[in-house]
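A closer look at the structure
Below, each chain spelled out in residue letters.
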Amino acid sequence: MRVLGVDPGLTRCGVGVVEGVAGRPLTMLGVGVVRTSADADLGSRLVDIERGVELWLDEHRPELVAVERVFSQHNVRTVMGTAQASAVAMLCAARRGIPVALHTPSEVKAAVTGSGRADKAQVGAMVTRLLRLDAPPKPADAADALALAICHIWRAPAVNRLQQAHAAARAPRSSGNVPVRKVPR
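Residues numbered from 1 in each chain as written. Predicted model: local features only at pLDDT ≥ 70, side-chain atom pairs only at ≥ 80, totals over all residues. Heavy atoms only, no water.

1. Quick look at the sheet that holds strand E5 (residues 100–103)
The strand order E3-E2-E1-E4-E5 describes an open sheet built from five strands, whose pairing is mixed. Two strands close off the open sheet at either side, each with one partner strand: strand E3 (27–35) and E5. Geometrically, the sheet is characterised by an average inter-axis angle of 20° between neighbouring strands, direction not taken into account. In the packing of helix H2 (residues 76–95) onto the sheet, contacts are made with strand E1 (2–7), strand E4 (64–68) and E5, and the angle to E4 comes to roughly 170°. (Pairing = 2+ DSSP bridges. Helix = DSSP H or I, 4+ residues; strand = E, 2+ residues; numbered from the N terminus. Axes fitted to C-alpha atoms, helices over the stretch in contact; angles between N-to-C directions. Contact = heavy atoms within 4.5 Å.)

Here's what the structure looks like:
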């Protein structure tokens with residue numbers, strides 16, 4: 001599985017591509033940051049993020065895009081910018097028919113470090129170790145994007161099994177020889 005992780009932000013939008021399957025060593029295929037100028041107007045910044053994400057999608061052809069789920073913070077301006085950058089990444093993927101998965105920051109930290117309260121340094125150190133890199137990716141947004149991709153690769157099999165079990169539980173059941181009839185609405 002090849003996953004593009006996106007750590008959304010208006011000024012620095014982290015992007016990282018990881019390939020592999022759960023239970024096997026993973027490989028980093030690329031990592032970076034899409035940057036925008038804080039002096040530019042919002043529309044221009046969103047277009048710059050779109051162009052950057054599109055370039056990563058063109059170059060790496062991921063099977064899935066994993067985006068950090070935006071959560072409530074105290075600073076509403078920060079939340080809005082993060083949500084807007086997140087929406088751009090999801091739109092770029094949807095336009096190409098690429099599935100998108102959302103993961104919370106604590107979910108990603110727990111998957112990569114074992115603790116949902118890990119700090120950025122711990123996440124960077126574990127990403128470095130898991131991907132067998134010489135040094136942690138800089139800035140932290142880039143390491144966070146790789147952590148998102150790793151989290152998804154590791155969690156996808158379990159999530160798929162849960163979704164299948166949930167769908168099976170909701171499916172109509174028939175008992176023995178009695179045909180199941182659909183009631184007209």
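2. A word on helix H1 (residues 42–60)
Its 19 residues place the ends of H1 27 Å apart at the C-alpha level, agreeing with the 27 Å of an ideal helix rising 1.5 Å per residue. Of all the residues in H1, the buried ones are Arg-45, Ile-49, Gly-52, Val-53, Glu-54, Trp-56, Leu-57 and His-60. Lining the buried residues of H1 we find E1, strand E2 (12–19), E3, E4 and H2. Immediately downstream of H1, the backbone of Arg-61 shows phi near 45°, a positive value. (Expected span 1.5 Å × (residues − 1). Buried < 20%, exposed > 50% of the residue type's maximum accessible area, 1.4 Å probe, protein only.)

3. A few points about unusual backbone geometry
Across the junction of Lys-138 and Pro-139, the peptide omega takes the value -10°, indicating a cis bond. Mapped onto the secondary structure, Pro-139 falls in the loop between helix H4 (120–130) and helix H5 (140–170). Phi at Arg-61 is positive, roughly 45°, even though this residue is not glycine. You can see Arg-61 is positioned in the loop between H1 and E4. Arg-61 gets classed as exposed once you look at its relative accessible area, which sits at 56%. Positive phi is not limited to glycine here, since Arg-132 has a value of about 55°.

Shape is all these values report; function is a separate question.
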